[in-house]
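Each chain, letter by letter, is given below.
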2 protein chains.
Amino acid sequence: MDYTTILGLIAGSLTTAAFVPQLHRAWKTKSLEDVSLLTYIAFTIGVFLWAIYGFAIGSLPVILTNSVTFVLACSILVLKIQHKKRS
Amino acid sequence: MDYTTILGLIAGSLTTAAFVPQLHRAWKTKSLEDVSLLTYIAFTIGVFLWAIYGFAIGSLPVILTNSVTFVLACSILVLKIQHKKRS
């Protein structure tokens, strides 16, 4: 594996793993007042399209990282909608 | 421009533009209690590496979308650190 691919994998792992602490915090506190609903709507649709793009270009790292990010972003979005309904 | 490239550009525009409402909200309310610090640290480093990856593979869309996302994520991170210092 060349350095460029390794760099891409590190970048993808970081931008995917980044949403674990946000999901953990949202799940624990059930408070998402400061989290933007629009951000997670646009971001969730965006990573879904990135995953389809990954299939289109046949890139496994693009498919994998965006599929995982999609699940994480979707979960945060659901918690945000639940929070909004309560408040 | 083929459909795949258009799909990639739409995906990139969405995952980049997604952070505008979060930055706007954070700037307006100055409240970032529910926003995860770790998320924005990892995400900011991640998109920076994606931008370098874009240079390495010579992909203008990857360079452009990640450079803009980097500026947005960096601004949210600075506001979060300022909020953390105050509280």
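Above: the structure in question.
Residues numbered from 1 in each chain as written. Chains lettered and ligands numbered in written order. Predicted model: local features only at pLDDT ≥ 70, side-chain atom pairs only at ≥ 80, totals over all residues. Heavy atoms only, no water.

### Some thoughts on the packing of aromatic side chains
Stated formally: Two aromatic rings, drawn from Phe, Tyr or Trp (for Trp, its six-membered ring), form a pair once their centres lie within 6.5 Å of each other, and the interplanar angle then sorts them: stacked below 30 degrees, edge-to-face above 60, tilted otherwise. Secondary structure elements follow DSSP: runs of H or I no shorter than four residues count as helices, runs of E no shorter than two count as strands, and numbering proceeds from the N terminus. We call a residue buried when its accessible area falls under 20% of the maximum for its residue type, exposed when it is over 50%, and partly exposed in between, using a 1.4 Å probe and counting protein chains only. Lysine and arginine charges are scored as sitting over a ring when NZ or CZ, respectively, is within 6 Å of the ring centre and within 35 degrees of the ring normal.
Using the criterion set out here, one finds 11 aromatic pairs over all chains in the structure. Measuring from ring centre to ring centre gives 4.9 Å for F19 of chain A and F43 of chain A, while their planes differ by 40 degrees; the resulting arrangement is tilted. Note that F19 of chain A is positioned in helix α2 (residues 19-29) and F43 of chain A in helix α3 (residues 37-57), a separation of 24 residues in sequence. On the basis of relative accessibility, which here comes to 1%, the residue F19 of chain A falls in the buried class. Assessed through its relative accessible area of 4%, F43 of chain A is described here as buried. With 5.5 Å between their ring centres and 45 degrees between their planes, F48 of chain B and F70 of chain B make a pair best called tilted. One end of the pair, F48 of chain B, is in helix α3 (residues 37-57); the other, F70 of chain B, is in helix α4 (residues 60-86), with 22 residues separating them in the sequence. Judged by its relative accessible area of 42%, F48 of chain B is partly exposed. Through a chain of ring-to-ring contacts, three or more aromatic side chains come together here, namely F19, Y40 and F43 of chain A together with F19, Y40 and F43 of chain B. The ring of W27 of chain A has K30 of chain A lying over it, and the distance from NZ or CZ to the ring centre is 3.9 Å.

### Brief notes about the packing of α2 of chain A against α3 of chain B
How we decide: Axis definition: a line fitted to C-alpha atoms, over the contacting stretch in the case of helices. Angles run 0 to 180 degrees between N-to-C directions. Angle categories: roughly parallel below 35 degrees, roughly antiparallel above 145, roughly perpendicular from 65 to 115, and oblique for all the rest. What makes a crossing left-handed is the near helix being turned counterclockwise from the far one by less than a right angle; a clockwise turn instead makes it right-handed. In this description, contact between two residues means that some pair of their heavy atoms is separated by no more than 4.5 Å. Gly counts as polar in this scheme, as do all residues outside two lists: the nonpolar Ala, Val, Leu, Ile, Met, Phe, Trp, Tyr, Cys and Pro, and the charged Asp, Glu, Lys and Arg.
Running from amino to carboxyl end, α2 of chain A crosses α3 of chain B at an angle of 165 degrees, the nearest separation of the two axes being 7 Å. With respect to α3 of chain B, the element α2 of chain A is oriented roughly antiparallel. Crossing geometry of α2 of chain A relative to α3 of chain B is assigned as left-handed. For the pair formed by α2 of chain A and α3 of chain B, the contact residues are F19, P21 and Q22 of chain A on the first element and L38, T39 and F43 of chain B on the second. Broken down by class, the residue content of the contact of α2 of chain A with α3 of chain B amounts to four nonpolar, two polar and no charged.

### Details of helix α1 (residues 3-17) of chain B
Residues and elements named next belong to chain B. To keep things clear, this is the line we draw: Helices are assigned an expected span. That span is 1.5 Å times one less than the residue count. Each direction from the helix axis to a C-beta atom contributes to the arc, which is the arc of those directions. Side-chain atoms alone can form a polar contact between residues adjacent in sequence; in general such a contact is a pair of N or O atoms within 3.5 Å, and within protein one must be able to donate a hydrogen while the other accepts it.
Helix length check: α1, at 15 residues, gives a terminal C-alpha distance of 21 Å against a target of 21 Å (1.5 Å per residue), a fit within 8%. Burial in α1 covers these residues: L7, G8, A11, G12, T15 and T16. The arc that holds the buried residues of α1, viewed along the axis, is 160 degrees, so those residues lie on one side. Between the side-chain oxygen at the start of α1 and the backbone nitrogen of T4 there is a gap of 3.1 Å, and the oxygen is on D2.

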